[in-house]
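What follows is the residue order along each chain.
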Amino acid sequence: MSTEFDILQTAKGGGRRARLELPHQTVETPVFMPVGTAGAVKAVPQETLEALGAQIILGNTYHLYLRPGHEAIRRLGGLHRFMSWPRALLTDSGGFQVFSLSDLRKVTDEGVQFRSHLDGSSHFFTPEHAMEVQIALAADIAMAFDECTEYPADRARAEESLRLTMAWARRSLDYFGAHRHEVVWCEEPEERTQLLFGIVQGGMFADLRRACAEQLVEMEFDGYAIGGLSVGEPRELTLEMIGEVLPLLPADKPRYVMGVGYPDEIELYARMGVDMMDCVLPTRAARHGLLFTSEGRVNIKNARYAEDQGPPDPACDCPVCRRYSRAYLRHLMQAGEALSGALNTIHNLAYYLGIMRRVRESMVAENPAPRPS
Ligand SMILES: [Zn+2]
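Cut-offs and rules
- Chains are numbered independently. Their residues run from 1 in the order of the written sequence.
- Per-residue local features are limited, in this predicted model, to residues with pLDDT of at least 70; the limit for side-chain atom pairs, both in listing and counting, is 80 or more; totals at the level of whole chains, interfaces and linings are taken over all residues.
- Processing note: side-chain calculations cover all non-hydrogen atoms of the structure and skip hydrogens and water entirely.
- Numbering of helices and strands runs from the N terminus, with a helix taken as a DSSP run of H or I at least four residues long and a strand as a DSSP run of E at least two residues long.
- Multiplying 1.5 Å by the residue count of a helix minus one yields the expected span of that helix.
- Side-chain atoms alone can form a polar contact between residues adjacent in sequence; in general such a contact is a pair of N or O atoms within 3.5 Å, and within protein one must be able to donate a hydrogen while the other accepts it.
- Patch membership needs two things, relative accessible area over 30% and no salt bridge, and members are linked within 9 Å if like-charged or within 5 Å if nonpolar (Val, Leu, Ile, Met, Phe, Trp, Tyr).
- Only the protein chains shown count as cover for residues, and the accessible areas themselves come from Shrake-Rupley with a 1.4 Å probe.
- Whenever Lys or Arg places a side-chain nitrogen within 4 Å of a carboxyl oxygen from Asp or Glu, that contact is recorded as a salt bridge.
- Working convention for charge: Lys and Arg count positive, Asp and Glu count negative, and His plus the chain ends are omitted.
- The atom standing in for a charge is NZ when the residue is Lys, CZ when it is Arg, CG when it is Asp and CD when it is Glu.
- Pairing between strands is defined by DSSP: at least two bridges between the two strands are required.
- All axes are obtained by fitting lines to C-alpha atoms, using only the stretch in contact for helices, and the reported angles, taken between N-to-C directions, cover 0 to 180 degrees.
- Here a residue-residue contact requires only that any non-hydrogen atoms of the pair lie within 4.5 Å.
- Where each domain starts and ends follows an automatic or database-derived domain assignment.
- Using a 1.4 Å probe, buried area is obtained as the accessible area two parts lose upon being combined, added over both of them.
- Under the scheme applied here, ten amino acids are nonpolar (Ala, Val, Leu, Ile, Met, Phe, Trp, Tyr, Cys and Pro), four are charged (Asp, Glu, Lys and Arg), and all others, including Gly, are polar.

Details of helix α7 (residues 155-179)
The end-to-end C-alpha distance of α7 is 36 Å, a good match for the 36 Å that 25 residues give at a rise of 1.5 Å each. For α7, the N-terminal capping position is held by Asp 154, with its side-chain oxygen 3.3 Å away from the main-chain nitrogen of Ala 156.

Observations concerning a negative patch on the surface
A surface patch of like charges, here negative, comprises Glu 187, Glu 188, Glu 190 and Glu 191. Of note, Glu 190 is situated in the loop between α7 and β11 (195-200).

What about the sheet that holds strand β2 (residues 16-22)?
Taken together, the three strands give an open sheet; going across it, the order is β1-β2-β3, and neighbouring strands pair in antiparallel fashion. Whereas interior strands pair on both sides, the edge strands pair on one side only; in this sheet they are β1 (5-10) and β3 (25-29). Taken pair by pair, the neighbouring strands of this sheet meet at an average axis angle of 15 degrees, ignoring direction. Relative to β3, β2 is paired through five bridges, and the arrangement is antiparallel. The residue of β3 that forms the bridge with Ala 18 is Thr 29. Strands in contact with helix α14 (residues 338-366) are β1, β2 and β3; relative to β2, the strand with the most contacts, it is inclined by about 120 degrees.

As for the domain arrangement of the chain
The domains assigned to the chain are domain 1 (18-278) and domain 2 (290-345). Computed from C-alpha atoms alone, the centre-to-centre distance between domain 1 and domain 2 is 32 Å. Counting from both sides, the interface comprises six residues of domain 1 and, opposite them, six residues of domain 2. Of the roughly 440 Å² buried at the junction of domain 1 and domain 2 (both faces included), carbon and sulfur atoms supply 79%. At the boundary of domain 1 and domain 2, one finds zero salt bridges. Applying the counting rule to domain 1 against domain 2 returns zero residue pairs in polar contact (both at pLDDT 80 or more). Here the residues of the side of domain 1 that touches domain 2 are counted per class, giving five nonpolar, no polar and one charged.

Some points on the pairing of strand β15 (residues 290-293)
Looking at chain direction, β15 and strand β16 (residues 296-299) are connected through four bridges and run antiparallel. From the neighbouring strand, Thr 293 faces β16, where its bridge partner is Gly 296. Connecting β15 to the next strand, β16, in antiparallel fashion are two residues.

Structural notes on the environment of Ala 211
By the secondary structure assignment, Ala 211 is in helix α8 (residues 206-219). A C-alpha to C-alpha distance of 23 Å links Ala 211 and Thr 3, two positions 208 residues apart in sequence.

Considering the side chain of His 347
Its place among the elements puts His 347 in helix α14. Among the polar contacts made by the side chain of His 347, one reaches the main-chain carbonyl oxygen of Phe 292 at a distance of 2.7 Å. Apart from residues no more than four positions distant in its own chain, His 347 is found in contact with Leu 291, Phe 292, Thr 293, Asp 313, Cys 316, Cys 318, Val 320 and Cys 321.

Focus on unusual backbone geometry
Residue Thr 29 is joined to Pro 30 through a cis peptide bond whose omega torsion reads 0 degrees. As for its placement among the helices and strands, Pro 30 is situated in the loop between β3 and β4 (31-33). Cis geometry marks the peptide bond from Arg 67 to Pro 68, where omega comes out at 10 degrees. The phi dihedral of Glu 220 is positive, around 65 degrees, even though this residue is not glycine. Position of Glu 220 relative to the elements: it lies in the loop between α8 and β12 (223-226).

Below, the structure written as C-alpha cells:
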C-alpha cells in the first residue's frame, strides 16, 4: 500500500510542506503531535485540542496495554472511539516505555520480559505482540517494535541493540502486513488502513545510524522515524544524527523525529525536512509552571508575577492568553488548583502548534505554488 503523502512546497535547507492523508485526518506537515499517554493529553479535553488545531496526537502502547488493556479498547471500538478523538492518532511501539519505566527487564532475541510499573505483573512483548496490541488500539499510524538504545552506550552495546532493532523491524513488518486490515474501523480489505513506520536507531554512531536507515528503507515501511534521541545527549549530537539520517530517507515518505524538543529545536528540525515531531515537554513543563512564550521561558511560579496583569504571552492569541493574567496563573499554581495544569498546558500546546503553523506558512510564502495559467 502506498503512503498518500503529497509534497506541496519545498524550501531552502530541505524543509517541506506536505499533506499526509490518514484514514481519520489529512495532516498538514510539518506537524507537532501532542502526547496523550494514557488516552488523554493530561488535563486537556479533546474539544480543546480540536479548537487549538491539533491534527494528530499520540497514544502510548505500553500504558494502554497495561490499562485498560488493548482487548478492552478493541471491544470499545478502538482508541479513536474510546477517547472520542475524530482526528488522527499515532501509537508508539511500547519499546521506549518498556525500557524506561518497567522493572526487571530481560531482553532476548525473541522479545522482552518485563514487570508492570503499576502492579508488578509479568509480561512478555515480542514484535508480533507489539503489532497485535497496536492493531487492537487502531491508531492511524503504528510504530515498529524497537529497542531504544540508552545514552551513553559504547559501540559494542549500540551494535548489539541495533541488531535487535533490525530483526524486530522485519518481524514487525511481516506481522503487520498479514494483519493490518484487522483494525476495527477497516471493513474492506481494499480500504485504507493503518500505516507502519520503521524506527532508525544506532545510538550516537553516525555509521550505525546510516546503515540502519538504509536497511529499513529496503524493507519499505510507510514512513520512517528517527528514535533514540533526546535521551540525555548534547543537542549538537541530536542535530548531527538527524542530519546523517534525513538524506537517506525517501523524500516521498513522511519523516518523524521522536521525542523532541524545545521550541527552537522543533522549528530547526522542521526546516531541515522533518515532517512530524512529538514531545512531552510542552505538557510536562506546563504542569510544573514553565510556559514557553515569544519572550522566552516564563516560570509562572516566580514571585515577580504575583501582581502582573499581563497575559502569559502578549503575542499569543490562545484562549488562555486572551482571558487570564500571569498573576492569576501564578495564584492557581500556588494554590494547587487543578485548573493550573490545564491552563498552562493549553497555552504551551498553542505555542508549539503555532510554531509549526508559522513554519508551514513561511514555506508557502517562500516558495508559492505555481499559478495555473
Ligand atoms: Zn497563549
